[in-house]
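Secondary and tertiary structure notes
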Amino acid sequence: MKVLGLHINCEVWWVYRKGPFRIVAINLGSTSTKIAIYEDETPLYEGVKRHSYEELAKVGQNINEQHIFRYLHVRELLTTSGVDLSNLSAVVARGGLFKPVEGGVYLVNERVLQDAIVGVQGNHISNVAVLVAKDIAERYGVPCFFVDPPCVDELEPIARFSGVPELPRTSIFHALNLRAVARRVAKDKNTSVEYLNLILAHLGGGISVAASRAGRFIDVTNALEEGPFSPERAGSVPVLKLVELCYSGRFTKEEIKQRLVGKGGLVAYLGTNDISEVEKRALSGDGEAELILKAMAYQIAKEIGSMSCALSGKVDYIVLTGGIAHSTLVTASIIERVQWIAETLVYPGEEELRALVEGALRVLRGEETPKLYE
Ligand SMILES: Nc1ncnc2c1ncn2[C@@H]1O[C@H](COP(=O)(O)OP(=O)(O)OP(=O)(O)O)[C@@H](O)[C@H]1O
Ligand SMILES: CCCC(=O)O
């Protein structure tokens, strides 16, 4: 059954209908296209397309080319699903690097689409996700949402200083997964996020560490330019040496950016972004692989220590999540260094598609009002 959304004077008026609600969720990663179709909380289909380095190199990073390429893959997955979409209720996507916003569920409007194309806080594949989601939503005449985008910014004023007035710190992190995992921790501990102080680390292709006080992310490491190195990102680097590198004449601006985001971290040191492979190498006696994996864990632990100060030491749990949280070598190495702060809970993998669907359901059921992106 469909939901009717009316857009009047910049306010959204919803006429709520009873479910069940059929929802398409779209999550684009740098190397994958993931979709899910849910009927309420029940998954009807989950599909993923992995894109090789060679395939992506042919398409290029241009937003228009990526838009067409990803749209065709999403359409193919929808067809493969065999699920009837004639009674679709909504489409929901991971939001992109738009202007800083509060967490929540947002309606995809013209401003979102414009900012996704411009890339107000940078180009990221999640910008493309909302364009593709809107195409699908228009095709079926249903509302389109994005949920907890990477540009969620709830930083306290004190957390915004970098030491260079022209370079304030900004909040770019895995907000979608971390908020969903925070909710899951609260549920597992029979409480609500409003009563918890958490340090959450998303350990994926990129890594972000966040301090959540009573459900708000008061400080985070910006996954694209700060904190620990990750499989593909450099994280914090010695800044004066970076300036020297920029002016060395050896690299173009784009090449330097690639060294920091995309080809930094494990890729730069070991030529792979695959933690399982690095683990295998470490366990079979490759000392360099072992040291670099431990160095990554060491940097993650240091960042967790730093977030414990953001929470003035009042930490209920440390939470490790994301694909790398499957690696006991990495998690054990982190836990050894942070156990003095609080108990660590490990939630391997990510549930971003489910988190997207849950966000859309909260709106469709009238439990949450969708926010307007201005
Ligand atoms: N079972 C596993 N054991 C060890 N490492 C794993 C396992 N599964 C995934 N990983 C590692 O996790 C990383 C990918 O994590 P994840 O899927 O959360 O990231 P992503 O979605 O690609 O990127 P991001 O989370 O930054 O958006 C890769 O480095 C991968 O090798
Ligand atoms: C939240 C996304 C940051 C990244 O791609 O690492």
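Source: prediction; values computed, not measured. (Residues numbered from 1 in each chain as written. Chains lettered and ligands numbered in written order. Predicted model: local features only at pLDDT ≥ 70, side-chain atom pairs only at ≥ 80, totals over all residues. Heavy atoms only, no water.)

**Notes on the domain arrangement of the chain**
Often, the extent of an interface is quoted as the loss of accessible area upon association of its parts. When its domains are assigned, the chain resolves into domain 1 (4-153 + 353-372) and domain 2 (175-349). At the interface, 14 residues of domain 1 touch ten residues of domain 2. Approximately 920 Å² of surface area, both sides summed, lies buried where domain 1 meets domain 2, with 55% of it carried by carbon and sulfur atoms. The tally of links from domain 1 across to domain 2 stands at two salt bridges. Residue E102 is joined to R216 by a salt bridge in which the shortest nitrogen-to-oxygen separation is 3.1 Å. (Domains from an automatic or database assignment. Contact = heavy atoms within 4.5 Å. Buried area = accessible area lost by both parts, 1.4 Å probe. Salt bridge = Lys/Arg side-chain N within 4 Å of Asp/Glu carboxyl O.)

**Considerations on the confidence of the model for the chain**
On average, residues of the chain score 93 in pLDDT, and 95% of them are at 70 or above. Between residues 6-11, whose pLDDT stays under 50, and residues either more than four places distant or in other chains, the model counts nine contacts. (pLDDT = per-residue confidence, 0-100.)

**With respect to the sheet that holds strand β9 (residues 197-203)**
Ordered in space as β11-β10-β9-β12-β13, the five strands form an open sheet in which the pairing is mixed. If you trace the sheet from one side to the other, it starts and ends with β11 (216-220) and β13 (343-348), each paired once. Ignoring strand direction, the axes of neighbouring strands in this sheet form an average angle of 25°. Of the pairings in the sheet, the one linking strand β10 (residues 207-213) to β11 comprises four bridges and is antiparallel in character. (Pairing = 2+ DSSP bridges. Helix = DSSP H or I, 4+ residues; strand = E, 2+ residues; numbered from the N terminus. Axes fitted to C-alpha atoms, helices over the stretch in contact; angles between N-to-C directions.)

**What to know about the nonpolar core**
In this structure, I26 and V91 are the most contacted members of the largest nonpolar core, which totals 37 residues. Mapped by element, the contributors of at least two residues to this core are β3 (22-28), β4 (32-39), α2 (63-81), β6 (90-94), α3 (110-118), α4 (125-140) and β8 (144-147). At nine residues, α4 tops the list of elements feeding residues into this core. Sequence-distant contacts of I26, defined by excluding residues within four places in its chain, comprise K34, I35, V74, V91, V92, A93, R94, V132, A133, I136, L353 and L356. (Core = buried A, V, L, I, M, F, W, Y, C linked by side-chain atoms within 4.5 Å. Buried < 20%, exposed > 50% of the residue type's maximum accessible area, 1.4 Å probe, protein only.)

**Brief notes about the site of ligand 1**
Of all residues adjacent to ligand 1, which total 14 residues, the nearest are H202, G206, N273, I275 and G323. At a separation of 2.6 Å, an oxygen atom of ligand 1 approaches a polar side-chain atom of H202. A distance of 3.3 Å separates an oxygen atom of ligand 1 from a polar backbone atom of I324. Bound to the protein, ligand 1 loses 70% of the 640 Å² it would expose on its own. When grouped by side-chain class, the residues that make up the shell around ligand 1 number three nonpolar, ten polar and one charged. (Near = heavy atom within 4 Å. Polar contact = N/O pair within 3.5 Å; in protein donor to acceptor, adjacent residues only side chain to side chain. Areas by Shrake-Rupley, 256 points an atom, 1.4 Å probe, with all protein chains shown as cover. Nonpolar A, V, L, I, M, F, W, Y, C, P; charged D, E, K, R; others polar.)

**Observations regarding the packing of helix α10 (residues 287-310) against helix α11 (residues 328-338)**
Contact geometry of α10 with α11 gives a least axis separation of 9 Å together with a crossing angle of 40°. In terms of their interaxial angle, α10 and α11 are classed as oblique. Between α10 and α11 lies a crossing of right-handed hand. Every residue of α11 that contacts α10 at L293, K294, A297, Y298, I300, A301 and I304 is listed here: L329, V330, S333, I334, R337 and V338. For the contact of α10 with α11, the residue count by class is ten nonpolar, one polar and two charged. (Parallel < 35°, antiparallel > 145°, perpendicular 65-115°, else oblique. Left-handed = near helix turned anticlockwise from the far one by under 90°.)

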